[in-house]
Amino acid sequence: MRKSWVVTLSLILALASVLAACGSGKEGGSSAKNQVFSMNLTSEPPTLDPALAQDSVSFTVLTGLYEGLTRKDENGKVLPGIAESWDISDDQLTYTFHLRKDAKWSNGDPVTAHDFEYAWKRVLDPDLNPASPYAYQLYYIKNAENYNIKANNPNHISDPAQVGVKALDDYTLQVRLEHPTPYFLSITSFWTTFPVHSSAKDNEAWAAEAKTIVSNGPFKIATWKHGNEIELVPNENYYAKDEIKLSKVRFVMVANASTELQMFQTGQLNYAGFPTGEIPVEQIGKLKETNKDELRIKPIASTYYYNFNNTKSPFDNVNIRKAFALAVDRQQLVDKVTKGGQEPAYGFVPPSIMGAQKTYREEYPDRDFMSPSAEAAKAALAKGLQEKGLAKLPPVTLTINENTGHKQVAEALADMWRKTLGVEVKIETQEWKVFLKNRTSLNYDISRAGWSADYNDPMTFIDMMTSASGNNDIGFKNAEYDKLVKEAYATVDQKKRMELMHRAEKILIGDNMAILPLYYYTGVHLVKSNLKNIVMDYQGMVDYTRAYLE
Amino acid sequence: MTRYWIGKIVSVAVSLFVLATATFFLMKAIPGDPFTQEKAVPEEIRQKLLAYYGLDKPVWQQYLAYLNNLLHFDLGMSMKSNYQTVAGIISDSFGYSFRLGVVAIAVSIIVGVAVGILAAMHHRKLIDSVSMVLAVLGVSVPNFVLASLMQYVFGYKLRWLQVAGLNGPLDYVMPVIALSALPIAYIARLTRSSMLEALSAEYIKTARAKGLSKRAIVLRHAVRNGILPVVTYAGPMAANIVTGSVIVEQIFGIPGLGQYFVASVSNRDYTLIMGITLFYAIVLMAARLITDIVYGLVDPRIRLRSGKGAAS
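Being a predicted model, the structure only gives us computed values, none of them experimental. The numbers attached to residues start from 1 for each chain and follow its sequence in the written order. Each chain gets a letter, beginning with A, and each ligand a number, beginning with 1, in the order they are written. At least 70 in pLDDT is required for a residue's local features to be given in this predicted model, at least 80 for side-chain atom pairs to be given and counted, and no such filter applies to totals for whole chains, interfaces and linings, which use all residues. To get the side-chain values, all heavy atoms of the structure are used, and hydrogens and water are removed first.

Chemist: Provide a residue-level description of the packing of aromatic side chains, including the pertinent values.
Modeler: Note on aromatic contacts: the rings of Phe and Tyr and the six-membered ring of Trp form a pair at centre separations within 6.5 Å, being stacked when their planes are under 30 degrees apart, edge-to-face when over 60 apart, and tilted otherwise. Summed over all chains, the structure comprises 43 aromatic pairs over all chains. Between the aromatic rings of A:Y140 and A:Y455, the centroid separation amounts to 6.3 Å while the plane-to-plane angle is 90 degrees, which identifies the pairing as edge-to-face. Of this pair, A:Y140 sits in the loop between α3 (113-124) and α4 (144-148) while A:Y455 sits in the loop between β16 (446-452) and α14 (459-462), and the two are 315 residues apart along the sequence. Taking the relative accessible area as the measure of exposure, A:Y140 reaches 16% and is therefore buried. Residues A:F308 and A:F315 carry aromatic rings whose centres are separated by 5.1 Å and whose planes lie at 25 degrees to one another, so their mutual orientation is stacked. Aromatic ring contacts, followed pair by pair, group A:F37, A:F219, A:F251, A:Y271 and A:Y544 into a single cluster. One Lys or Arg, A:R367, reaches over the ring of A:Y346 and ends 4.1 Å from the middle of that ring. Consider the ring centre and the ring normal. A charge sits over the ring if Lys NZ or Arg CZ is within 6 Å of that centre and within 35 degrees of that normal. The ring of B:Y270 is capped by B:K28, whose NZ or CZ atom sits 3.9 Å from the centre of that ring. Here a strand is any run of E in DSSP of at least two residues, a helix any run of H or I of at least four, and the numbering for each starts at the N terminus. Only protein chains enter the accessibility calculation, which uses a 1.4 Å probe; a residue is then buried when its area is under 20% of its type maximum, exposed when over 50%, and partly exposed in between.

Now the structure itself:
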């Protein structure tokens, strides 16, 4: 009896180990045929039409499917893409791109300059439905804005031929700009500028299903199970198909962060976290020990800050704003609360944005804008209260959107303000869109905010705080600031431009403390140790196209 | 019978109309719209988007337009997922919720009733106490705790099952247990108490006096009465499970309808909010109708034609 029990048990164990071996053989996937990259998108991409995409989920999928005139390396340096070379006129107003002749669409058609002209004019088409939300990324092009905006625009241009993009022949694309734009080349690798196959003309819903999507990038779409998963396979017509080692890219859509982490730990995913997924904050400390070789923390071009309502008492007073900003111990905030290796922010433009020679922050350190300390904060508060003729501060509310991380930051700050300034700040949590509505209509005292770069230049931060900007949610209006931004727009010399933008940033923060910078974001993500050549760029977007498994 | 069905259809139509109206205006009252986002879209582009989706018109006009589409069985297009129809999204995602739900319902009813009958037959013995303790656990442990625990133990620690996804039959195990734990516990307790009641009734004594075996008594006589409360409970429960549990779906990464419902509200995807709400309502009403019919089958005293009492 006892013997048979032992036999049974060993049989079960043997069977189990065979099964386990089968499983791991499948997972290991280092053979040439089984090079699968898998990551979590969290949710369904709203679109796979480059003209309509505007979110990191759609962008992540589009990165595999399409290729623009240029590509970018890890540091944001421009590499040739579909264009193998380009000429820039002396006045920096005309760009001539020379396209490679071996680029093909996934259906075998050649990729031509006409495809780019068509795609860009489609983005700007005033009658494109739904309208391209990111059309303004192309407003650098001559007459683009006046062609795109029809309603209530006396300068509307109805003739698309006047828009400054033109295919001179099949492989030469000429682009004329409104103003010299030193970062224009970096725009040509932006998703909105990807080419679109001309078959899109006949089917407006072409980008909603896998079978009608024709793409020109390293991969083509094999399946799109809505809300569930997307699979990409190599595009055999891609001009550099030899560089592509992956046999499949698999995107899942799992909304729960701890599920995503467990899927990574058990090998269902070989990439987790930023930009489309999330590593739970409370797990980061543990992962630094258990997954030391797989956890990566990369600084990205985004800033976490608080808005002051510059139009409403008490924050219409510069010294009271300064008091709140100086009372924050940012190092403690990133070490004890956010824990994701973030860098304390004393300015608005994050460190990964390029300047004239080095990074912009190396050229213009943000510590020059402020030196936080309890004493300085108290002094500023006393001065501010005196200027306002107040004995003490009225009740202040800090408005944030629902999110555990935001809540923890808010509580830490409320605590610092209580201890240093002796003020009670009430934290109010709002649902995301309710919050945005209140923020844009200046219905708050202090509110949370985050801003990420659209292109690798300080301007992507600086010009959002001009008086006319639709994203200026703080009621900050400064004529000098607006003038500096305008001057920078018209300046070609990089050094001079940077200087102008730095002066603007100093007005915004050093002089006025119109916002309260807290930290520069990092992209926390996990990459399996056998997965190589995964590149996260300065924006925090991931390029998996040249990845391979070892 | 015909009168019953006419009454039923009229009441369903009226309920749907009231629900659609209330949801529409409540939804419009929430601040924000599908195009409210961190990086504000330039005002001119925003106006074009609003116009494309008909959101630039006064709310009452939007409402009439929506009702008109609804009369033509057109739920419209999603405002978040470009060129995806609401009907398509619902049918895709409901497929997952439905398959999972049907298994969970079957497991709940079969296991729940079986445990309840066993417990009643062994009243105040070990089986009874153990199953009732388990039932209390089942009712009181929230399903997300159970789901996360199973996921950690069987998915992560032991690696017996996949952590997430709904691809193979094994992937059903954990979500089904998470979904059916509470209904099993509830049904077991319901069955047990009504069985106990039934077992002490006069007609059982008669049956026993006739010399029928205990098994025959229980299966043929007591169960019929014993499961009546289960039928009452099973209707709404089935509707609830089939339409998808948001939390269980999220934990196991199942692309079901529940997730879309939550996402549609936070995205202000108006057409999808309306579509899913109406769909939920129809499923719920259908479940109640089926409950009524099953009621009549189990207990001939309750007849559909006997009046509106049973229908309410």
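Chemist: Outline empty space enclosed by the protein, listing residues and values.
Modeler: The definitions used throughout rest on a 1 Å grid laid over the protein atoms alone, on which a cavity is an enclosed set of points accommodating a 1.4 Å probe that cannot get out and a pocket is an open set flanked by protein within 12 Å on both sides along at least five of seven lines; lining residues are those having an atom within 4 Å of a point. Grid points are joined across faces, edges and corners, and a volume is the space filled by probe spheres set on the points. For the structure on display, the rule yields three cavities of 30 Å³ or more. Here the largest cavity defines a volume of roughly 110 Å³. Along the walls of the largest cavity sit 13 residues, with A:N228, A:R250, A:V252, B:G165 and B:N167 positioned nearest its centre. When residues are sorted by character, Ala, Val, Leu, Ile, Met, Phe, Trp, Tyr, Cys and Pro go into the nonpolar class, Asp, Glu, Lys and Arg into the charged class, and all the rest, Gly among them, into the polar class. The class makeup of the residues in the lining of the largest cavity is six nonpolar, five polar and two charged. Empty space within the second largest cavity amounts to approximately 60 Å³. Along the walls of the second largest cavity sit A:Y305, A:N307, A:R439, A:A449, A:G450, A:W451, A:M464, A:N471, A:D473 and B:E38, which together make up its complete lining. Taken together, the elements giving at least two residues each to the lining of the second largest cavity come down to β12 (295-308) and β16 of chain A.

Chemist: Which residues make up the sheet that holds strand β1 (residues 36-40) of chain A, and what values go with them?
Modeler: All names here are of chain A. One open sheet holds the four strands; their spatial order is β1-β10-β9-β8, and the pairing between them is mixed. Pairing within the sheet leaves two strands with one partner each, and these edge strands are β1 and β8 (219-225). Pairs of neighbouring strands in the sheet enclose a mean axial angle of 15 degrees, with direction left out of account. Strand pairing follows a simple DSSP-based rule, namely that at least 2 bridges must link the two strands. Axis lines are fitted through C-alpha atoms, for helices just across the contact stretch, and the angle between N-to-C directions can take any value from 0 to 180 degrees.

Chemist: Describe the confidence of the model for chain A, and please don't skip the residues or the numbers.
Modeler: Overall, the predicted model of chain A reaches an average pLDDT of 92, with 94% of residues at or above 70. As a per-residue measure, pLDDT tells how confident the predictor is, with possible values from 0 to 100. When mean pLDDT is taken per element in chain A, strand β5 (residues 94-99) of chain A scores highest with 98 and helix α1 (residues 2-28) of chain A scores lowest with 44.

Chemist: Residues and numbers for the sheet that holds strand β6 (residues 165-169) of chain A, please.
Modeler: Sheets are built from strands that pair by backbone hydrogen bonding, the pairs being arranged parallel or antiparallel. All names here are of chain A. In spatial order, the strands read β4-β5-β7-β6; together these four strands make up an open sheet with antiparallel pairing. Looking at strand neighbours, the two that pair on one side only are β4 (83-88) and β6, the edges of this open sheet. Between one strand axis and the next, the sheet turns through 25 degrees on average, direction left out of account. Where β4 lies against β5, five bridges are found, and the strand directions are antiparallel. Paired with S85 across the bridge in β5 is H98. Contact criterion: two residues are considered in contact whenever any of their non-hydrogen atoms come within 4.5 Å of each other. Along the sheet face, α3 touches β5, β6 and β7 (172-176) and points at about 165 degrees away from the line of β6.

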